[in-house]
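Residues per chain are reported as follows:
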Amino acid sequence: MEENSLVISLLTAMITPAVLIMACGQLSLTTSQRLSRSISRTREIYKQLLEIKKGTREATPREKDSLHKQIVQTTRRTILLQKVMSMLYIALMFFITSSLLIGIFEIMDWIRHWILITLPMVGAIALFSASILLIMETRLALQAVDNEMKYVLILDKELMNETYKSNRNLKE
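The present account deals with the structure reproduced in this document.

How each quantity is defined
Residues numbered from 1 in each chain as written. Predicted model: local features only at pLDDT ≥ 70, side-chain atom pairs only at ≥ 80, totals over all residues. Heavy atoms only, no water. Helix = DSSP H or I, 4+ residues; strand = E, 2+ residues; numbered from the N terminus. Rg over C-alpha atoms; globule rule 2.2 N^0.38 Å. Buried < 20%, exposed > 50% of the residue type's maximum accessible area, 1.4 Å probe, protein only. Contact = heavy atoms within 4.5 Å. Lys, Arg positive; Asp, Glu negative; His and termini not counted. Charge placed at Lys NZ, Arg CZ, Asp CG, Glu CD. Phe/Tyr/Trp six-rings, centres within 6.5 Å; stacked < 30°, edge-to-face > 60°. Salt bridge = Lys/Arg side-chain N within 4 Å of Asp/Glu carboxyl O. Core = buried A, V, L, I, M, F, W, Y, C linked by side-chain atoms within 4.5 Å.

1. A closer look at the overall build of the protein chain
And step 1. For the protein chain, the count of helices and strands is three helices and zero strands.
And step 2. The order of helices and strands in the protein chain, counted from the N terminus, is α-α-α.
And step 3. Relative to the 2.2 N^0.38 estimate, which gives 16 Å for 172 residues, the radius of gyration of the protein chain is 26 Å and therefore markedly larger than a compact globule would have.
And step 4. Viewed in the frame of its principal axes, the protein chain has a C-alpha envelope of about 100 × 35 × 20 Å.
And step 5. Out of the 172 residues belonging to the protein chain, those deemed buried represent 27%.
And step 6. Once local pairs closer than 6 in sequence are excluded, the contacts in the protein chain between residues at least 24 apart make up 81%.
And step 7. Considering the protein chain, the positive charge centre built from 21 side chains and the negative charge centre built from 16 side chains are found 10 Å apart.

Here it is, written out as structure tokens:
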């Protein structure tokens, strides 16, 4: 009976880091998707700016300014997301290591509690840091969307004014 209790306690101790490993994996997957979209968006804006620079595309000063703001924001987002990925992989490494060491220490009958406490704590700190960076990236994403929508509304307003003037001239 005592042996069963020991096995159950060992498995319980090893499962705790496994839950954190799964959380890191899920965050890594979604962050990777966000990073991919951010890189694609940055490349798209870069192509537009390159066309304007080469003269193959015309752009108003307002459009150039909007594209400049967008490239700055998407570049910052991409850099932040790369940092998040690094922090998530670091956290993942510490959680996996702690899970392995729990089993190894039990098999070898070693008692090193400070290691088994320190490794998951360092992993948790890395996971916390990644979460803070994700919050910062989300705020940047919201700012980018807000700026793009403001630009679109300005264009819409100008278009409506032109349409109104055109219709007014036709009536006269």
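2. Let's talk about the packing of aromatic side chains
And step 1. A full pass over the atoms with the stated rule returns one aromatic pair.
And step 2. Between Phe105 and Trp110, the aromatic rings sit 5.7 Å apart at their centres with planes inclined by 65°, giving edge-to-face as the arrangement.

3. Thoughts on the pattern of salt bridges
And step 1. Within this structure, the stated rule accounts for eight salt bridges.
And step 2. Glu158 is paired through a salt bridge with Arg62; the nearest N and O atoms lie 2.0 Å apart. Of the two residues, Glu158 is situated in helix 3 (residues 113–171) and Arg62 in helix 2 (residues 61–108); the sequence distance between them amounts to 96 residues.
And step 3. The salt bridge partner of Asp146 is Lys150, with a shortest N-O separation of 3.4 Å. Of the two residues, Asp146 and Lys150 are both situated in helix 3; the distance of four residues between them amounts to about one turn of the helix.
And step 4. Residue class for Lys150 comes out partly exposed when judged on its relative accessible area of 48%.

4. Details of the nonpolar core
And step 1. With 16 residues, the main nonpolar core has Cys24, Val84, Leu88, Ala91, Phe95 and Leu127 as its most contacted residues.
And step 2. Among the secondary structure elements, those contributing two or more residues to this core are helix 1 (2–54), helix 2 and helix 3.
And step 3. In terms of residue count, the dominant contributor to this core is helix 2 (eight residues).
And step 4. Aside from chain neighbours lying at most four places away, what touches Leu127 is Cys24, Leu27, Leu88, Ala91 and Phe95.

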